[in-house]
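Reading the structure
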Amino acid sequence: MKSLNHTHMDPSIFFLLGIPGLEKFHLWLSLPVCCLGTATVVGNITILVVVATEPALHKPVYLFLCMLSTIDLAASVSTVPKLLGILWCGAGHISASACLAQMFFIHAFCMMESTVLLAMAFDRYVAICHPLRYATILTDTIIARIGVVAMVRGSLLMLPCPFLIGRLSFCQSHVILHTYCEHMAVVKLACGDTRPNRVYGLTAALLVIGVDLFCISLSYVLIVQAVFRLSSHEARSKALGTCGSHVCVILISYTPALFSFFTHRFGHHVPLHIHILLANVYLLFPPALNPVVYGVKTKEIRERVVRVFQRGQGIGIKASE
């Protein structure tokens, strides 16, 4: 309690409480968090190494996958270490500047990931609806520009938030009822008029989730129309099969995001710990599961991963001899 009282007195320090109501389960909850964090690092690094070392995988779809893996790794680094510190030993103290930085990076990375998922949907649309123009449309230059757009878009959309929060005064509690510096969780602690923060947060979320989901849905409507115009059942199955991994990743990424978004704003009777658990599912599960989905459902990656491990075992055997 002494540390919490100090948090009330020092305006430059916040305290992340963790999951209110589930404090006695923090140590147990750290086990899945640790497993998901480890899976995120191992899985995404494996994807990056396999794609980088296999020239046959230097194709747009796999380059977009590398962008996704890089963003997932960066997002995990922004959240998992502090989250484990809170769950293991209650190390929830965080400076105001570090809190704003964490808020910026977490939300910016989520927006970047959404942009990359949209780019991957565009990749599948071009591959199925305009296969003869695929190589001329998705050139290395275009792919690089899409990567830059993803970074700039996420950064610019989140850039005003730290400044909008910086103008607020926190005259009461500095205890954040969350596991990380989530935008609305911090805004709720402020005194005075917070409407600009609320409006901007909602607008930015709708611009990303709403626009990207609409464009992704439109691309798949066009894909389905093109697929069902094919005369061969085998060709239709193959075309839809190429979209399977991406559809799974979209469901994994957007489903918890939408649940968290709607329960946070409209689920006023939903317990607080459910809100926070959903927010953590949104941050922890997609980065851990995305490499697994692509590794299992994509034959090229699966074969290359096996080959890399076999090559590593062969080197180890030679070294032991």
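Residues numbered from 1 in each chain as written. Predicted model: local features only at pLDDT ≥ 70, side-chain atom pairs only at ≥ 80, totals over all residues. Heavy atoms only, no water.

Considerations on the nonpolar core
This is how it is decided: Here, nonpolar core means buried Ala, Val, Leu, Ile, Met, Phe, Trp, Tyr and Cys residues that are tied together by side-chain atoms lying within 4.5 Å of each other. Relative accessibility under 20% of the residue-type maximum defines a buried residue, over 50% an exposed one, and the middle range a partly exposed one, all with a 1.4 Å probe and only protein chains included. Think of it this way: any DSSP run of H or I at least four residues long counts as a helix, any run of E at least two long counts as a strand, and we number them from the N terminus. It only takes one pair of heavy atoms within 4.5 Å for two residues to be counted as in contact.
Core analysis: the largest hydrophobic core is formed by 67 residues, its most contacted members being F64, F170, I176, C181 and V186. Top contributing element to this core by residue count: helix α4 (residues 96–129), with 14 residues. Not counting chain neighbours up to four residues away, the residues in contact with I176 comprise F14, F15, L16, L17, C99, C181, A185, V186 and L189. Within the second largest apolar cluster, eight residues are counted, among which are V33, L36, L84 and L284.

Quick word on the UniProt feature "transmembrane region" (unreviewed entry) in the protein chain
Stated precisely, the cut-off is as follows: UniProt positions are given in the numbering used here, feature names are shortened, and annotations may be inferred rather than shown by experiment.
Taken from the UniProt record, the annotation "transmembrane region" (unreviewed entry) applies to residues 25–49, 61–80, 100–122, 142–165, 204–228, 240–262 and 274–294. When the span residues 100–122 is considered, its composition is 100% helix and 0% strand, and the gap between its end C-alpha atoms is 33 Å. Between the end C-alpha atoms of residues 204–228 there is a gap of 36 Å, over a span that is 100% helix and 0% strand.

Let's talk about the pattern of salt bridges
What counts here: For this analysis, a salt bridge means a side-chain nitrogen from Lys or Arg found within 4 Å of a carboxyl oxygen belonging to Asp or Glu.
Counted according to the given criterion, the structure contains three salt bridges. Residues R124 and D123 are paired through a salt bridge, measuring 2.7 Å at the closest nitrogen-oxygen approach. Judged by its relative accessible area of 11%, R124 falls in the buried class. Here D123 falls in the buried class, since its relative accessible area comes to 0%. Close ionic contact of R153 with D212 constitutes a salt bridge, the shortest N to O distance being 2.9 Å. Highlighted residues: R153 in helix α6 (residues 140–158) and D212 in helix α9 (residues 195–228), separated in sequence by 59 residues.

Some thoughts on the packing of aromatic side chains
The test is simple: Geometry of aromatic contacts follows a simple scheme: Phe, Tyr and Trp rings, the Trp one being its six-membered ring, pair when their centres are within 6.5 Å, and the pair is stacked under 30 degrees between planes, edge-to-face over 60, tilted otherwise.
Under the criterion given, the structure shown has four aromatic pairs. Between F105 and F109, the ring centres sit 5.9 Å apart and the planes meet at 25°, which makes this aromatic pair stacked. A residue pair is termed a helical-turn pair when its members lie 3 or 4 positions apart in one helix, as F105 and F109 do in helix α4 at four residues. Given the relative accessible area of 38%, F105 is considered partly exposed. Taking relative accessible area as the criterion, F109 reaches 14% and is therefore assigned buried. Taken together, the ring pairs in this structure connect F104, F105 and F109 into an aromatic cluster.

Some details on empty space enclosed by the protein
To keep things clear, this is the line we draw: In this analysis, the protein atoms alone were mapped onto a 1 Å grid. Cavities are point sets where a 1.4 Å probe fits without being able to get out; pockets are open sets with protein on both sides within 12 Å along at least five of seven lines; lining residues have an atom within 4 Å of a point. Grid points are joined across faces, edges and corners, and a volume is the space filled by probe spheres set on the points. Just so you know the grouping, Ala, Val, Leu, Ile, Met, Phe, Trp, Tyr, Cys and Pro go in nonpolar, Asp, Glu, Lys and Arg go in charged, and all remaining residues, Gly too, go in polar.
Summed over the entire model, instances satisfying the criterion amount to three cavities of 30 Å³ or more. Approximately 40 Å³ is the volume found for the largest cavity. If you go around the largest cavity, the residues you meet are T79, L83, T179, Y180, N280, L283 and L284. Looking at the lining of the largest cavity, the elements that each hand over two or more residues are α3 (60–89) and α12 (272–297). The leading source of residues in the lining of the largest cavity is α12, at three residues. Of the residues in the lining of the largest cavity, the class split is four nonpolar, three polar and no charged.

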